[in-house]
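Coordinate inspection notes
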Amino acid sequence: MRARTYGQHCAIAKALDVVGERWALLIVRELLDGPRRYTDLLGGLPGVSTDMLATRLRDLENAGLVSRRTLPPPAASKVYELTAEGRELAPAMTELARFGMRLLGAQDPSDAFRVHWLALPLQIRFRADRARGVALTVQFHTDDGALCAVIDDGILVTRPGAVDHPDVVITADAATLAEIARDPATTAEAKTTGRLTVEGDPDKVAHVRRILSLDG
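This text gives an overview of the structure that appears in the document. (Residues numbered from 1 in each chain as written. Predicted model: local features only at pLDDT ≥ 70, side-chain atom pairs only at ≥ 80, totals over all residues. Heavy atoms only, no water.)

**Thoughts on the pattern of salt bridges**
Considering all chains together, one arrives at 12 salt bridges under this definition. Here Arg-56 makes a salt bridge to Asp-59, at a shortest N to O gap of 3.1 Å. Here Arg-56 pairs with Asp-59, and both are found in helix H4 (residues 50-62), just 3 residues apart, close to one helical turn. Judged by relative accessible area, Arg-56 falls into the buried class, the value being 11%. Salt bridges linked by common partners bring Arg-4, Glu-21, Arg-56 and Asp-59 together as one network. (Salt bridge = Lys/Arg side-chain N within 4 Å of Asp/Glu carboxyl O. Helix = DSSP H or I, 4+ residues; strand = E, 2+ residues; numbered from the N terminus. Buried < 20%, exposed > 50% of the residue type's maximum accessible area, 1.4 Å probe, protein only.)

Okay, structure coming up:
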């Protein structure tokens, strides 16, 4: 069966012919931080059916944006990952996240949240020029779990899960973190009301506030 197309000789239309189907870009979001097993993708895409996920992965593979491989022993798991062409979508995903941050209002009770979805907003807030010569580990805790952000001489890398002895620990719910990402000026009020707690050496906390543009 021929894939659906907008039939327009336009760069945006051609891009949407490939990644404009429902769930396609969210699969790309899940793969931006590295390879994922099929079960990892299911867990990171609440609401997607197994049939739909399989179909979209096949579409993205056929388009040359996603590939499959088997990890070496002892893992020996099959994983999906972005190809070099797929990784070229990263800047577009960042700009979509920047636009979408303005649309994040109060979290609806039916809205799912996964802590690793903070990765793109953190990259947007990250000021590499303020992080030169700085090495810090920041742990974010939410009801969903933990996300580790490692700052190393102007580079920010995030990964899910907790680490031992982080320099700064930031704890809040999803709605509060979304509010701060949208408007850093709300940081002080969130701390005052107890919706946000920040633990760590005061100098390191100050560094994190500057590096993540949370000065308000």
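**Some words on a nonpolar patch on the surface**
On the surface, Tyr-6, Ile-12 and Leu-16 cluster together to form a nonpolar patch covering roughly 320 Å² of accessible area. Topologically, Leu-16 is positioned in helix H1 (residues 11-19). (Patch = residues over 30% accessible without salt bridge, like charges linked within 9 Å, V, L, I, M, F, W, Y side chains within 5 Å. Areas by Shrake-Rupley, 256 points an atom, 1.4 Å probe, with all protein chains shown as cover.)

**Points about unusual backbone geometry**
Following Pro-73, the chain continues to Pro-74 via a peptide bond in cis, the omega torsion being 5°. Along the chain, Pro-74 falls in the loop between strand S1 (66-70) and strand S2 (78-82). Its identity as a non-glycine residue notwithstanding, Asp-153 has a phi of 50°, on the positive side. Looking at the element boundaries, Asp-153 is found in the loop between strand S4 (145-152) and strand S5 (155-160). What makes Asp-153 partly exposed here is its relative accessible area of 42%. Positive phi, normally seen in glycine, also occurs at Ser-213, with a value near 55°.

**Comments concerning the pairing of S4**
In the case of a regular strand, side chains alternate between the two sheet surfaces. With 8 bridges joining them, strand S3 (residues 135-142) and S4 adopt antiparallel strand pairing. Among the inter-strand pairings, Val-138 is bridged to a residue of S4, identified as Ala-149. Here S3 folds back onto S4 in antiparallel fashion, the turn holding 2 residues. As paired strands, S4 and S5 are joined by 6 bridges and run antiparallel to one another. Bridging from a neighbouring strand, Ala-149 pairs with Thr-158 of S5. Taken together, S4 and the strand that follows it, S5, pair antiparallel across an intervening segment of 2 residues, in which Asp-153 is found at a positive phi of about 50°. (Pairing = 2+ DSSP bridges.)

**Quick notes on H4**
Here H4 spans 18 Å end to end across 13 residues, near enough to the 18 Å set by a 1.5 Å rise per residue. Within H4, the full set of buried residues consists of Leu-53, Arg-56, Leu-57 and Leu-60. End-on, the buried residues of H4 take up no more than an arc of 100°, which puts them together on one face. Opposite the buried face of H4, at more than 90 degrees from it, the exposed residues are Asp-51 and Asn-62. Taken together, the buried residues of H4 touch H1, helix H2 (24-31), helix H3 (38-44), S1 and S2. (Expected span 1.5 Å × (residues − 1). Arc of directions from axis to C-beta. Contact = heavy atoms within 4.5 Å.)

**Observations regarding the sheet that holds strand S7 (residues 196-200)**
On the basis of which strands lie adjacent, the open sheet formed by 5 strands has the order S5-S4-S3-S6-S7 and mixed pairing. Two strands bound the open sheet, and with one partner strand each, they are S5 and S7. In this sheet, adjacent strand axes meet at a mean angle of 15° when their direction is disregarded. The strands that helix H8 (residues 174-182) touches are S3, strand S6 (168-172) and S7; relative to S6, the one it contacts most, it runs at about 110°. Seen against the sheet, helix H10 (residues 202-211) touches S3, S4, S6 and S7 and runs at an angle of roughly 80° to S3. (Axes fitted to C-alpha atoms, helices over the stretch in contact; angles between N-to-C directions.)

**Things to note about H2**
One turn of the α-helix equals 3.6 residues, which is why residues spaced by three or four share an orientation. Within H2, the full set of buried residues consists of Ala-24, Ile-27, Val-28, Glu-30 and Leu-31. Projected down its long axis, H2 carries its buried residues within an arc of 160°, all on one side. In this fold, the buried residues of H2 make contact with H1, H3, H4, S1, S2 and helix H6 (90-101).

**Points about the side chain of Thr-176**
The residue Thr-176 is located in helix H8 in this model. Engagement of the side chain of Thr-176 in a polar contact is seen with the side chain of Arg-195, the distance being 3.1 Å. Ignoring sequence-local partners within four residues, the contact set of Thr-176 consists of Ala-190, Arg-195 and Leu-196. (Polar contact = N/O pair within 3.5 Å; in protein donor to acceptor, adjacent residues only side chain to side chain.)

No statement about biological role is implied by the geometric values presented.
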